[in-house]
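Letter by letter, the chains look like this.
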Amino acid sequence: MLVDGFGRTIDYMRISVTERCNFRCAYCMPNTPMNLGDENEDVPLESVLNFIKVAIIQGVKKIRITGGEPLLRSKIVPFIAQICDFAPQIDIALTTNAFLLAPLAKPLKDAGLKRINISLDSLQKDRILCISKRDGLEKILNGIEVAHQVGLKIKLNMVPLKGINTDEILSILEYGMKRGIMVRFIEYMENSHAKEGIMGLKLAEILANIQTKYPTRLFEKEVIGPATLFKIPQQEIKANLGVELNRDYIFGIIAPHNDDFCKTCNRVRLSSEGKLIPCLYHNNAIDIKEAMLRGDTEEILSRLKLCIENKPEKNDWDTNAISQRAFYQTGG
Ligand code: SAM
Ligand code: SF4
């Protein structure tokens, strides 16, 4: 078992398998030239698997594969299958923009993937093009539908941005409601790679927007995790949307700096550059790339333990500072 210096058990790894992406979202990597890069520059998936196996042997129970865009990795399906073969009980999930998802949804499910988080910032073609610089709406929606059909458990992530897509908070929520899919609104987190001048909505503003149509009740704060969950009674949905659900609808808002979730933090990140990051809002990181490439499991374990020993008690988030960390490298 991996336990840090403050008694927290670390059993969740977020793994960024590439920093390359087929989108250029305004809040993430708008200034990178639009090309798909070279897969040969990514850490080989066999090497990432070396790390994952060590982590699982040490008691890691939950893995999220992210990026950049993880579906750009040509061997992503066998990679997921290898993880699931190694640890059939593993809780494995993936985060994607869904542009490439439709043909991969069933193979991913068959490989053992259970859950998928999909970014959906607009239901309007031109808006998706404006936010992500890619004319991708049709493919995204098709990807969501196919993933839903094949039985992947889906969550939708939206980042509301002032003057860009905040008028779609309700329509995206209702898109999720109709399908019984949870929507989570993520507060925009300022970072030096994002488009200059963009501004996000805060939790209270997102909630107020939803409450113009639906009464909401606080449901719960995720015990381990950053989202605050809210509930809309099913009879309100029937009255407003004409849709009959067999239970109340739950949605989430992720406001990472409102709540002190450091106390229960159970996670470590592996960045696309092969660095172990014990805390997203702290500057320390440990390079593990060479050890992964060599398949040196002793060295991987020793670096993983070092990372966890040095996991800070709290983030050192300064609300006036802009994070230098790139979401496309850390995986969000
Ligand atoms: N490409 C995939 C996608 O977009 O879903 C996976 C990687 S992306 C970095 C992971 C998550 O981070 C997405 O849900 C995205 O919306 C979120 N994200 C990226 N930059 C963000 C920012 N500045 N503030 C808040 N969320 C951000
Ligand atoms: Fe790509 Fe995801 Fe970043 Fe958008 S948020 S640019 S889809 S990595």
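Residues numbered from 1 in each chain as written. Chains lettered and ligands numbered in written order. Predicted model: local features only at pLDDT ≥ 70, side-chain atom pairs only at ≥ 80, totals over all residues. Heavy atoms only, no water.

- The chain carries the name GTP 3',8-cyclase in an unreviewed UniProt entry, which gives Helicobacter ganmani as its organism.
- The record held by UniProt for the chain lists under Cofactor (unreviewed entry) the comment "[4Fe-4S] cluster".
- Per its UniProt entry, the chain bears the Catalytic activity (unreviewed entry) comment "GTP + AH2 + S-adenosyl-L-methionine = (8S)-3',8-cyclo-7,8-dihydroguanosine 5'-triphosphate + 5'-deoxyadenosine + L-methionine + A + H(+)". (UniProt positions renumbered as here; feature names shortened; annotations may be inferred.)

Comments concerning the overall build of the chain
Argument step 1. Within the chain one finds 11 helices and 12 strands.
Argument step 2. Since a compact globule built from 332 residues should have a radius of gyration of about 20 Å, the 19 Å found for the chain is in line with a globular shape.
Argument step 3. C-alpha atoms of the chain, sized along the principal axes, occupy 60 × 40 × 40 Å.
Argument step 4. For the chain, buried positions account for 55% of its 332 residues.
Argument step 5. Pairs at least 24 residues apart make up 72% of the contacts formed inside the chain by residues separated by at least 6 positions.
Argument step 6. Surface exposure of the chain reaches about 14800 Å², of which carbon and sulfur atoms provide 50%.
Argument step 7. Between the centroid of the 44 positive side chains of the chain and the centroid of its 41 negative side chains there is a distance of 4 Å. (Helix = DSSP H or I, 4+ residues; strand = E, 2+ residues; numbered from the N terminus. Rg over C-alpha atoms; globule rule 2.2 N^0.38 Å. Buried < 20%, exposed > 50% of the residue type's maximum accessible area, 1.4 Å probe, protein only. Contact = heavy atoms within 4.5 Å. Areas by Shrake-Rupley, 256 points an atom, 1.4 Å probe, with all protein chains shown as cover. Lys, Arg positive; Asp, Glu negative; His and termini not counted. Charge placed at Lys NZ, Arg CZ, Asp CG, Glu CD.)

Observations concerning the site of ligand 1
Argument step 1. In the vicinity of ligand 1, 19 residues are found, and the nearest of them are Tyr-27, Gly-68, Ser-119, Met-189 and Asn-191.
Argument step 2. Interatomic distance of 3.2 Å between a backbone N/O atom of Thr-96 and an oxygen atom of ligand 1.
Argument step 3. Within the backbone of Met-189, an N or O atom sits 2.9 Å from a nitrogen atom of ligand 1.
Argument step 4. Contact with the protein chains covers 95% of the free accessible surface of ligand 1, which is 540 Å².
Argument step 5. Taken together, the residues of the shell around ligand 1 break down into 7 nonpolar, 10 polar and 2 charged. (Near = heavy atom within 4 Å. Polar contact = N/O pair within 3.5 Å; in protein donor to acceptor, adjacent residues only side chain to side chain. Nonpolar A, V, L, I, M, F, W, Y, C, P; charged D, E, K, R; others polar.)

Notes on the pattern of salt bridges
Argument step 1. Counting across every chain of the model gives 17 salt bridges.
Argument step 2. Notably, a salt bridge pairs Glu-39 with Arg-73, separated by 2.9 Å at the nearest N-O pair. With Glu-39 in the loop between β1 (12-16) and α1 (45-57) and Arg-73 in the loop between β2 (62-66) and α2 (76-86), the pair connects residues that are 34 residues apart, well separated along the chain.
Argument step 3. With relative accessibility at 4%, the residue Arg-73 sits in the buried group.
Argument step 4. Within the structure, one salt-bridge network assembled from shared partners comprises Arg-20, Glu-39, Asp-42 and Arg-73. (Salt bridge = Lys/Arg side-chain N within 4 Å of Asp/Glu carboxyl O.)

So, the nonpolar core
Argument step 1. With 109 residues, the main nonpolar core has Phe-51 and Ile-65 as its most contacted residues.
Argument step 2. With 8 residues, α1 is the single largest residue contributor to this core.
Argument step 3. Residues contacting Ile-65, with those up to four places away along its chain left out, are Ile-15, Val-17, Pro-70, Ile-76, Phe-79, Ile-80, Ile-83, Ile-92, Ala-93, Leu-94 and Thr-95. (Core = buried A, V, L, I, M, F, W, Y, C linked by side-chain atoms within 4.5 Å.)

What to know about the packing of aromatic side chains
Argument step 1. Applying the stated criterion across every chain yields a total of 3 aromatic pairs.
Argument step 2. Ring centres of Phe-23 and Phe-99 lie 5.7 Å apart, and the angle between their planes is 70 degrees; this geometry places the pair in the edge-to-face category. On the criterion of sequence distance, the pair formed by Phe-23 in the loop between β1 and α1 and Phe-99 in the loop between β3 (91-96) and α3 (105-111) is long-range, its members being 76 residues apart.
Argument step 3. Classification of Phe-23 as buried rests on a relative accessible area of 5%.
Argument step 4. Overall, the relative accessible area of 12% leaves Phe-99 in the buried class.
Argument step 5. Relative to Phe-251, the ring of Phe-230 has its centre 5.5 Å away and its plane inclined at 25 degrees; by these criteria the two rings are stacked. Placement of the pair is Phe-230 in strand β8 (residues 227-232) and Phe-251 in strand β9 (residues 249-254), with a sequence separation of 21 residues.
Argument step 6. Here the aromatic cluster, defined as three or more aromatic residues joined through ring pairs, consists of Phe-185, Phe-230 and Phe-251. (Phe/Tyr/Trp six-rings, centres within 6.5 Å; stacked < 30°, edge-to-face > 60°.)

Let's talk about helix α6 (residues 169-179)
Think of an α-helix as 3.6 residues a turn; residues three or four steps apart then line up on the same face.
Argument step 1. Of all 11 residues making up α6, 8 are buried, and the element is well covered by its neighbours.
Argument step 2. Every buried residue belonging to α6 is among Ile-169, Leu-170, Ile-172, Leu-173, Glu-174, Tyr-175, Gly-176 and Met-177, and all of these are buried.

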